[in-house]
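Residue-level listing of the chains:
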Amino acid sequence: MSALRVLLVDDEEDLVHAMVERLNLRGLEADGVLSGNEALMRVAEKEYDVVVLDLKMPGLSGCDLLERIKKECPKVQVIVITGHGAIGEGEEAVKEGAYDHLVKPFDIETLIKVMKDSIYPQ
Amino acid sequence: MKRPFRNRLDHSAVHEGFLERPRGYRSLWVLLVAISSAFSIIPLVILTIASYLQYAEVIKGEIARDIRQLTANAKNSFEFFIQQSVAGLRLVVNERSLEELRDNEQVAYILKNLRQSYGSYVDLGLIDSDGVQRSYVGPYNLKGHDYADQDWFHQLRSRDAYFSDVFMGYRRVPHFAVAVKREIADNDFYILRATFDTQALTRQVSSLNIRPSSDAFVINRDGILQAPSRLAGDILDRSPIACPPFSSSPQIQEGVDGNGERYILGFAYIQDSPFVLMILKRPEAIMTNLASFQGKVTRIVVITIVFIVLIVLWGASYLVRRIRVSELARSRAFREMQHASKMATIGRLAAGVAHEINNPLAIINEKTGLIKDHVLLQKEYPVSEKIASLADSILSSVDRCSTVTHRFLGFAKRMDIRKERIQMDILIGEVLGFLGKESIYRDITVSCHFPEGPVVIESDRGQLQQVFLNIINNAFEAVEDGGRIDITIDMVDERQIAVTIADNGRGIAEEDQERIFEPFFTTKKIGGTGLGLSITYGIVEKLGGHITVDSVEGEGTRFTITMPVKHDR
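Computed from a prediction, not measured in an experiment: that's the story for all the values here. (Residues numbered from 1 in each chain as written. Chains lettered and ligands numbered in written order. Predicted model: local features only at pLDDT ≥ 70, side-chain atom pairs only at ≥ 80, totals over all residues. Heavy atoms only, no water.)

(A) Representation of the interface of chain B and chain A within the structure. Contacts between chain B and chain A engage 20 residues on the former and 17 residues on the latter. Summed over both sides, the interface between chain B and chain A buries roughly 1,800 Å², with carbon and sulfur atoms accounting for 60% of that surface. Run the count over chain B and chain A and you get 4 salt bridges. Note that Asp14(A) and Lys367(B) form a salt bridge whose closest N and O atoms lie 3.8 Å from each other. At the junction of chain B and chain A, the tally comes to 7 residue pairs in polar contact (both at pLDDT 80 or more). Counting residues per element, the ones that place at least two in the side of chain B that touches chain A are helix 7 (283–378) and helix 8 (384–412) of chain B. When residues of the side of chain B that touches chain A are assigned to their parent elements, the largest contribution, 15 residues, is made by helix 7 of chain B. When grouped by side-chain class, the residues that make up the side of chain B that touches chain A number 6 nonpolar, 10 polar and 4 charged. (Contact = heavy atoms within 4.5 Å. Buried area = accessible area lost by both parts, 1.4 Å probe. Salt bridge = Lys/Arg side-chain N within 4 Å of Asp/Glu carboxyl O. Polar contact = N/O pair within 3.5 Å; in protein donor to acceptor, adjacent residues only side chain to side chain. Helix = DSSP H or I, 4+ residues; strand = E, 2+ residues; numbered from the N terminus. Nonpolar A, V, L, I, M, F, W, Y, C, P; charged D, E, K, R; others polar.)

(B) Representation of the sheet that holds strand 7 (residues 214–219) of chain B in the model. Residues and elements named next belong to chain B. Taken in spatial order, the 4 strands of this open sheet run 7-10-9-8, and their pairing is antiparallel. Edge positions in the sheet fall to strand 7 and strand 8 (251–256), since each of these pairs with one other strand and no more. Across the sheet, the mean angle from the axis of one strand to that of its neighbour is 25 degrees, orientation sign disregarded. Note that strand 7 and strand 10 (residues 276–281) share 6 bridges and pair antiparallel. From the neighbouring strand, Ala 216 faces strand 10, where its bridge partner is Ile 279. (Pairing = 2+ DSSP bridges. Axes fitted to C-alpha atoms, helices over the stretch in contact; angles between N-to-C directions.)

(C) Inspection of the sheet that holds strand 17 (residues 556–564) of chain B at higher detail. Residue and element names in this part refer to chain B. Judged by pairing direction, the sheet is mixed, and its 5 strands sit side by side in the order 12-14-15-17-16 without closing on themselves. A single partner strand is all that each edge strand has here, and the edge strands are strand 12 (445–449) and strand 16 (546–552). Going across the sheet, the axis of each strand differs from the next one's by a mean of 15 degrees, ignoring polarity. Note: strand 15 (residues 496–503) against strand 17, 8 bridges, orientation antiparallel. Of the residues in strand 17, the one forming a bridge with Asp 503 is Thr 557.

(D) Local environment of the packing of aromatic side chains. Residues and elements named next belong to chain B. Summed over the entire model, instances satisfying the criterion amount to 16 aromatic pairs over all chains. Plain terms: the ring middles of Phe 78 and Phe 81 are 6.1 Å apart, the flat faces sit at 70 degrees to each other, and that makes the pair edge-to-face. Remark: Phe 81 and Phe 78 occur in helix 2 (residues 24–95); sequence separation between them is 3 residues, near one turn of the helix. Neither residue differs from the other here; Phe 78 and Phe 81 are each classed as buried. Relative to Tyr 318, the ring of Trp 314 has its centre 5.4 Å away and its plane inclined at 10 degrees; by these criteria the two rings are stacked. Residue Trp 314 and its partner Tyr 318 are both found in helix 7; the two are separated by 4 residues, about one turn of the helix. Taken together, the ring pairs in this structure connect Phe 78, Phe 81, Tyr 121, Phe 163, Phe 176, Phe 196 and Phe 275 into an aromatic cluster. (Phe/Tyr/Trp six-rings, centres within 6.5 Å; stacked < 30°, edge-to-face > 60°. Buried < 20%, exposed > 50% of the residue type's maximum accessible area, 1.4 Å probe, protein only.)

(E) Just the pattern of salt bridges, in detail. The final tally for this structure, using the stated rule, is 24 salt bridges over all chains. The shortest N-O distance in the salt bridge between Asp373(B) and Arg26(A) comes to 2.2 Å. Of this pair, Asp373(B) sits in helix 7 while Arg26(A) is found in the loop between helix 1 (13–25) and strand 2 (29–33), placing the two residues in two different chains. Judged by relative accessible area, which is 5%, Asp373(B) ranks as buried. Among the ionic pairs, Asp117(A) bridges to Lys113(A), the shortest N-O distance being 3.1 Å. Within this pair, Asp117(A) and its partner Lys113(A) are both found in helix 5 (residues 108–119), separated by 4 residues, close to a single helical turn.

Put into structure tokens, the structure is as follows:
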């Protein structure tokens, strides 16, 4: 099994950096961007297995972003993360094609497990 | 005038009801009664008095009209009588010659004829221009009598007829005399004179047919009665009322007579005679009528006023009562609205705070996780175990924060309610099951009082469980070992049920009871988040129900949760 290629999208810089580092320390191949537009550029350049994106970002976000990423790379699995107030939107996103929805703050191990499940369904 | 309903209500005015002012209702009631009574009773009284006066005026007017008419008619017929009497003599004096009239036998013959035709003639005779009686037929011995000095003779010089007033004559019987003059050549004249008894006069007066309450009589200019009168007196008595001043047409006069009694008088001077016709009416008779009318009206008005007062009293009481009820309801609604609004605001505020905290929490979580990762996975740092455990304690605090915010946001957000049919006794049983063995260990008696048949409502199972779990849990915490908890289910009506959880624990202080549903309010000195009941309150309201508490410090607490049978929202 090769390393899981993950793209993290969130406008909170500290969060993105910490998560990317932790994932890399665990042997995944993780990148992080701070906006929806940057995310679209990255998926065009490199192939990812999973994209983890925050639904609430300024600029392009939410289901629009989800739709476009899926169009760009249909094979990519998307996992959406939200704060507590947007649980409804998270569930919406899952209906629209996201694999799963996690609520901040969550455990890194949980995230890794969900990502692996999305790529290697049991 | 400003229209009171048009303007938007100033909120301070709305807030300050009668409830705020002491004795406000009493003074409102008094004001209502006073104004209503005044505005109904005063006009009524004014109207009544006005009608009295008006009626009196009308009655007097009618009487006056009556008398005037009567007097005029009487005057006419009296004057006719006078003319008749004069005409009889005038006919004789014109047709007979002087010689015939000087002859006593002829005069006797004429007198006999006159008596037959007219009656009432007492005597008849001729008087020459010197005033000497030339012929005479009658009971007296007047032949040769000289009248030259008499007033009537003088009057006849310038007039051609004379009518005397009544005098006491032969045999103390009242008489009156009529004389007519005939002029002959050389400025000479002679007079034919006759005396009548007063029967004709009296008959004339009584033929006027006056009603019993009034009296007609005839007087001369000196106020002496010329015919007997029922009320005024006998013939030749002085009339109780003095002769009124001359007037050629009938007049009305009001006054007080010699006995001090009031009268209304119609009088008329009879032309070519000394007579004055008097028709007298005593107002007392009318006044009695008037008084009885006034009495009747007064009785009716008094009864009406009594009715008005009763109705006003009842109406004012009813109105004030209604106002009071509505004020109380408004006040209560206002308080409830304030309370609900406050809860909503606190909820929103707290939700906002929680939401804002989530992101930094996530960051702390990740960064601390990263520290731990570095230390454990990279083995470059000494005392990695210690750092790892410090990181762990940071993470567990993050967890605690997270729990709080999650629970709180769960309270505030709009979550879908999954409707299902829930049998209440089973649900309560499940909740009691969650609480496990605590009741046994602590010897707490839990009694359930459920109705005979199944009580089923439509609601969200998970959230209902959360509600009852919270309340029953609180009850367990409040009672001492050996205490008692009673759970009752009631069908309030076909649309609502009520579940009551009562304990005999330490109870809640009265000043705290209002606040226990507020977020972050707790009576526990340590360990309480103050969120349990506020979340419970929120869930119950969201499910369409209502939760209230009733407690006496030191005796126990009762929570009552009402839920709709069908979920409508």
